[in-house]
Amino acid sequence: MASVEGLVPITRAFLAQYYEKYPFELAPDVHSVTADVRSVINELTSSSSLTEGQRILVREVDREPPHKIDENMWKNREHIEEVLFLLERSNWPLSLQQLCAPNDSEIAYLLEQLKGKFEKSLKMLEYFQAKNADFVFNTVMSYMPQDFRGTLIRQQRERSERNKKAQVDALVESGGSIRDRYALLWEQQMERRRQLAQLGSATGVYKTLVKYLVGVPQVLLDFIRKINDDEGPMEEQRQRYGPPLYSLTTMVLSIRLLIFLSWAQFEVNKLNKHQLDNLIQAAEVYSSEFERFAKFMSEVFANSPFFISADEVGPSNSGDEEYKEISVPAGRSYEVELAVESVNSYIAWDFSLEQGKLRLDIGFSVEYTNGSGKKMLILPYRRCESDQGNFCTLTAGNYKLIWDNSYAAFFSKIGADVMLVLISGTDFEIQVGLHTPSRRASRRSMMIEMLEVGGDGLYVAAWAESRPSHVFIAGGSNLSV
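Thresholds applied
Residues numbered from 1 in each chain as written. Predicted model: local features only at pLDDT ≥ 70, side-chain atom pairs only at ≥ 80, totals over all residues. Heavy atoms only, no water. Helix = DSSP H or I, 4+ residues; strand = E, 2+ residues; numbered from the N terminus. Expected span 1.5 Å × (residues − 1). Buried < 20%, exposed > 50% of the residue type's maximum accessible area, 1.4 Å probe, protein only. Salt bridge = Lys/Arg side-chain N within 4 Å of Asp/Glu carboxyl O. Pairing = 2+ DSSP bridges. Axes fitted to C-alpha atoms, helices over the stretch in contact; angles between N-to-C directions.

Here's the deal with helix α4 (residues 69-87)
Since the α-helix packs 3.6 residues into each turn, any two residues three or four apart lie on the same face.
Step number 1: Between its first and last C-alpha atoms α4 spans 27 Å; for 19 residues at 1.5 Å apiece the expected length is 27 Å, and the two agree.
Step number 2: Most of α4 is tucked away: 18 of the 19 residues are buried.

This is the structure:
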């Protein structure tokens, strides 16, 4: 597990400085060739009346592309697949399929070449998204516990992705269109983003479950809370690299519309050589520039950190409201008793001492008392400056956590960061802080999911489900930017 000590999430100011090293500009002919395609579209739309489907596509071309980087990536995939659908020989105009005219063989050959270019672009885009997803997932997992929880997260990621793919497959089998399929894919993506925002802003019980059961570091929770804010770090990426991507989105949509209109009017208004040359040139420019943009973004993202040193962003006034401060006077001890009614309950703690010029420590131990009053030491006494630990109870009874300062003659010890958690095996019973009463959760299960960061989405999904005598903990993750 990679250390996050002294690290904070990236900021928009940091990314602005970082992106200065990675300028990107599209080739000038993207705009000129797109303008030529639009000119041909205007000729076709002015020469005949349009169907409702054609008018919808014309309005979409006239609108501004989506603002989000990842949504544009999905839109490019959708439009490429729509182009490939139109370029299937079975979807050509009937006379072109039959090669009725003398030059139809040449047109057919050029269309097959065109189809090959878009197939290459689609494979490249799918690879780009999958590669980024794996990169983000593996990066985030390096900050997660490298124990059974990490294994469960990986397993849940696979299950979650299988379930989402099953939804898409079911839609396709029921006759859903390409547009319907990508609408579902984006709906899944936005749900990940909403849950990500909810988890990043979690407090109380839910935040405790994520941090202690699943082992998500606080700095990672801060990262997912801020990363997709309207004025957060990803907005800097959109401002820098959105415009060239928006131009490419408009370009491929214009190519799609040109083919769509051409097929509808082919029998009465056949593509002439000038129009066909524009289409071929547009496909070549789009394919090469989109591939160049995707490779560039992969390099930028692969080199961009998730976290930076706190010194790089200056002091922060943010504190962790889940922790409590406890003072243990010299010659005294402090005890917390937890009444556990069922086996397989989960007890966790995290504390550290406020240090001055002298290094201070405190004795810490955990003991168990059964119903007949017999005591047993769970965690042997030892002196430490801080400690974080947890265990699963094997039997019901009273558990006592003891902070011992009886050996000190002069110095009180202040626990600046103290958190205590109890989760019982039949219901969730949460005790957060050392002075707050327990809160029993009436729900039989709790579910938490962190989803999507930037580009194609990041999520770390996790849940804890309680049943008599059992506490199940699982998790999953799917990441990309």
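What follows picks up the thread again.
Concerning the pattern of salt bridges
Step number 1: Counted according to the given criterion, the structure contains 27 salt bridges.
Step number 2: In this structure, Lys400 and Glu335 form a salt bridge, with 3.4 Å as the shortest nitrogen-oxygen distance. Taken together, the residues span a long stretch of sequence, with Lys400 in strand β9 (residues 397-404) and Glu335 in strand β4 (residues 333-340) at a distance of 65 residues.
Step number 3: Look at Glu335 and you get partly exposed, because its relative accessible area is 40%.

Things to note about the sheet that holds strand β6 (residues 362-369)
Step number 1: Pairing is antiparallel in the open sheet, where four strands are placed in the order β4-β9-β6-β7. Looking at strand neighbours, the two that pair on one side only are β4 and β7 (375-384), the edges of this open sheet. Going across the sheet, the axis of each strand differs from the next one's by a mean of 10°, ignoring polarity.
Step number 2: Pairing of β4 with β9 involves eight bridges; the strand directions are antiparallel. Across the sheet, Leu338 pairs through a bridge with Tyr399, a residue of β9.

A word on the pairing of β6
In summary, the side chains of a regular strand alternate between the two faces of the sheet.
Step number 1: With eight of eight residues buried, β6 is to be regarded as a mostly interior element.
Step number 2: Of the two faces of β6, both are covered, the one formed by Ile362, Phe364, Val366 and Tyr368 as well as the one formed by Gly363, Ser365, Glu367 and Thr369.
Step number 3: In this sheet, β7 lies alongside β6 in antiparallel orientation, the contact comprising seven bridges. Residue Ile362 lies in a different strand from β7, and its bridge partner there is Cys384.
Step number 4: As defined by bridge partners, β6 adjoins β9 across seven bridges and the pair is classed as antiparallel. Across the sheet, Glu367 pairs through a bridge with Lys400, a residue of β9.

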